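Summary of structural features
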Amino acid sequence: QVRLVESGGGLVQAGGSLRLSCVSSVSRYAMAWFRQAPGKERDFVAAISWSGDSTYYGDAVKGRFTISRDKARNTVYLQMSSLKPEDTAVYYCAARVTISTRRDDYSYWGQGTQVTVSS
C-alpha cells in the first residue's frame, strides 16, 4: 500500500513563493505533481524519476517551478516561485514505478493540498 501525504499549501500573494512537500510510505517510485482548479481537469505540473536524474515540467510552470526529492526521507518537493493567480488549485502528489507525465498512468495519489494565489 502506497500512502502519499502532501503539505505546504496555503495563501500567497502573486509573485510570491511556496514549497510543497509530499512524503511517501515507499521508496523507489517516480513521483509527480498534478493540480486541479475548480471546474477543470487535473493537469500535469512536474515529475521526477526515482534517481532524480530525469525531470519534466508542464508548459505553464516551466522556469517558475522546480521539482526535487530527498530519497533518504522519501520526500518530493515542489518549489513554486513567481506565483500567479492562475496557479490557484488543489495540488496532488502521485507515484508510479517509472516516470510519466500522463495523469492516467498514476495509480497512487495523495489527498491534495490547496494553493491559493491572490492578485
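All figures in this text were calculated on a predicted structure; none of them were measured in a lab.

Description of the side chain of Ser 49
Among the secondary structure elements, Ser 49 is positioned in the loop between strand E5 (42–48) and strand E6 (55–57). Assessed through its relative accessible area of 10%, Ser 49 is described here as buried. In terms of polar contacts, Ser 49 uses its side chain to reach the side chain of Ser 51, at 3.3 Å. One polar contact links the side chain of Ser 49 to the main-chain amide nitrogen of Asp 53, over a distance of 3.3 Å. In this structure, Ser 49 is in contact with Ala 30, Ser 54, Arg 69 and Ile 99, ignoring residues within four places of it in sequence.

As for the side chain of Asp 70
Its location among the elements puts Asp 70 in strand E7 (residues 65–70). Those residues within four positions of Asp 70 in sequence are excluded, and the remaining contacts are Thr 75 and Tyr 77.

What to know about the sheet that holds strand E8 (residues 75–80)
If you walk across this open sheet you meet the 4 strands as E1-E3-E8-E7, and the pairing is antiparallel. Each of the sheet's edge strands pairs with one partner strand only, and the pair in question is strand E1 (4–7) and E7. Geometrically, the sheet is characterised by an average inter-axis angle of 15 degrees between neighbouring strands, direction not taken into account. Bridging between strand E3 (residues 18–24) and E8 involves 6 bridges; their strand directions are antiparallel. By the bridge assignment, Leu 20 is partnered in E8 with Leu 78.

Points about unusual backbone geometry
Phi is positive for Arg 28, close to 65 degrees, though the residue is something other than glycine. Tracing the backbone shows Arg 28 in the loop between E3 and strand E4 (30–36). Since its relative accessible area comes to 57%, Arg 28 is described here as exposed.

Overview of the state of the cysteines
Under the defined criterion, the tally for this structure stands at 1 disulfide. Across the disulfide, Cys 22 is cross-linked to Cys 93 (sulfur-sulfur distance 2.0 Å). Between Cys 22 and Cys 93, the S-S dihedral sits near -80 degrees, and the bridge is therefore left-handed. Taken as a pair, Cys 22 in strand E3 and Cys 93 in strand E9 (residues 89–96) lie far apart in primary sequence, 71 residues in all. Judged by relative accessible area, which is 0%, Cys 22 ranks as buried. Look at Cys 93 and you get buried, because its relative accessible area is 0%.

Description of the pairing of E5
Each regular strand displays side chains that alternate between the two surfaces of the sheet. Most of E5 is tucked away, with 5 of its 7 residues classed as buried. In textbook terms, the turn of a hairpin is the stretch between consecutive antiparallel strands, and for E4 and E5 this stretch comprises 5 residues, one of which, Gly 39, has a positive phi near 75 degrees. For E5 and E6, the ladder comprises 3 bridges, and the chain directions are antiparallel. Within E6, the residue paired with Ala 47 across the bridge is Tyr 56. Between E5 and E6, which pair antiparallel one after the other, the connecting turn spans 6 residues, and Gly 52 there sits at a positive phi close to 90 degrees.

How each quantity is defined
- Residues numbered from 1 in each chain as written.
- Predicted model: local features only at pLDDT ≥ 70, side-chain atom pairs only at ≥ 80, totals over all residues.
- Heavy atoms only, no water.
- Helix = DSSP H or I, 4+ residues; strand = E, 2+ residues; numbered from the N terminus.
- Buried < 20%, exposed > 50% of the residue type's maximum accessible area, 1.4 Å probe, protein only.
- Polar contact = N/O pair within 3.5 Å; in protein donor to acceptor, adjacent residues only side chain to side chain.
- Contact = heavy atoms within 4.5 Å.
- Pairing = 2+ DSSP bridges.
- Axes fitted to C-alpha atoms, helices over the stretch in contact; angles between N-to-C directions.
- Disulfide = S-S within 2.5 Å.

None of the figures reported here should be taken as evidence of function without further support.
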